[in-house]
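These are the residues of each chain, in order.
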Amino acid sequence: MESGVFTKTIKRVDRWLDQVFFAGWEVSVLVIPILWMLLAATPPEAVSLSGITALVVSAAAVGTFRGQYVSTGSWPRPGHLPTLPLRSAYYSLVVGGTSLLGAAVQVHSGWFWAGIVVPAIVVTGALALLPAVVERVEQTARLTL
């Protein structure tokens, strides 16, 4: 009996890792323009720390939310073309904004860990709102047509 529970747990973790892996690809590709812009942001050390934190947490959050491990609403599939521009803009805003926010808090507070903690919290909260944002944009698009 314990073997069955262990197998289910392994399959669940394996599925989550798949979700996070493909979410990492999705987020990383869709935010390339903002990452390019962040290369010019200063101080580079603080921005890099917050930026890599934002990317890693984004992949974990998108995989977790899309896989319904934590329910935040109906997530678009990775290949869903109608939401691609919105997802790209939203991910870019979240990753770029939290990278700069985390770096600013780190520099002004002098607390190294702020460059990790701030982006991690803000990214998770902001990405939890994506299904609501997609739904609102789709409603607005239907009203304006």
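Because the structure is a prediction, the values reported are computed rather than measured. (Residues numbered from 1 in each chain as written. Predicted model: local features only at pLDDT ≥ 70, side-chain atom pairs only at ≥ 80, totals over all residues. Heavy atoms only, no water.)

Glancing now at the overall build of the protein. Helix and strand content of the protein: six helices and zero strands. Tracing the protein from N to C terminus, the helices and strands come up as α-α-α-α-α-α. With the principal axes as the frame, the protein shows a C-alpha extent of 55 × 50 × 20 Å. In the protein, 77% of the contacts between residues at least 6 apart in sequence involve partners at least 24 apart. Total accessible area on the protein stands at roughly 8,800 Å², and carbon and sulfur atoms take up 72% of it. Computed over 9 positive and 7 negative side-chain charges, the separation of the two mean positions in the protein equals 9 Å. (Helix = DSSP H or I, 4+ residues; strand = E, 2+ residues; numbered from the N terminus. Contact = heavy atoms within 4.5 Å. Areas by Shrake-Rupley, 256 points an atom, 1.4 Å probe, with all protein chains shown as cover. Lys, Arg positive; Asp, Glu negative; His and termini not counted. Charge placed at Lys NZ, Arg CZ, Asp CG, Glu CD.)

Under the UniProt annotation, "transmembrane region" (unreviewed entry) lies at residues 20-41, 47-67, 88-105 and 111-134. In this annotation, residues 47-67 is assigned 95% helix and 0% strand; the end-to-end C-alpha distance for the span is 29 Å. End C-alpha to end C-alpha, residues 88-105 measures 25 Å, and it is 100% helix and 0% strand. (UniProt positions renumbered as here; feature names shortened; annotations may be inferred.)

As a further point, take the environment of P78. Relative to the elements of secondary structure, P78 occurs in the loop between helix 3 (44-66) and helix 4 (84-109). Once the C-alpha coordinates of P78 and R66 are considered, the two residues, twelve residues apart in sequence, prove to be 9.2 Å apart. If we ignore the near neighbours within four places in the chain, the residues touching P78 are E26, R66 and R87.

Moving on, we come to the packing of helix 4 against helix 5 (residues 114-128). The N-to-C vectors of helix 4 and helix 5 enclose an angle of 150°; their axes lie 8 Å apart at closest approach. Considering their axes alone, helix 4 and helix 5 lie roughly antiparallel with respect to each other. Seen along the crossing, helix 4 lies across helix 5 with a hand that is right-handed. The segment helix 4 lies against helix 5, with Y90, Y91, V94, T98, L101, G102, V105, Q106 and S109 engaging A114, G115, V118, P119, V122, V123, A126 and L127. (Axes fitted to C-alpha atoms, helices over the stretch in contact; angles between N-to-C directions. Parallel < 35°, antiparallel > 145°, perpendicular 65-115°, else oblique. Left-handed = near helix turned anticlockwise from the far one by under 90°.)

Attention now goes to unusual backbone geometry. In this chain, T42 is followed by P43 through a cis amide linkage whose omega measures -10°. Mapping P43 onto the fold places it in the loop between helix 2 (32-38) and helix 3. Unusually for a residue other than glycine, Q68 sits at a positive phi of about 65°. Tracing the chain through its elements places Q68 in the loop between helix 3 and helix 4. Here Q68 falls in the partly exposed class, since its relative accessible area comes to 41%. (Buried < 20%, exposed > 50% of the residue type's maximum accessible area, 1.4 Å probe, protein only.)

Attention shifts here to the packing of helix 4 against helix 6 (residues 130-144). A pair of packed helices can be characterised by two numbers: the angle between their axes and the separation between those axes. Contact geometry of helix 4 with helix 6 gives a least axis separation of 11 Å together with a crossing angle of 135°. Relative to helix 6, the element helix 4 is oriented oblique. Helix-helix and strand crossings are classified by hand; for helix 4 and helix 6 the assignment is right-handed. The residues of helix 6 that touch helix 4, namely those facing L86, R87, Y90 and Y91, are L130, V133, V134 and V137. Taken together, the residues that form the contact of helix 4 with helix 6 break down as seven nonpolar, no polar and one charged. (Nonpolar A, V, L, I, M, F, W, Y, C, P; charged D, E, K, R; others polar.)

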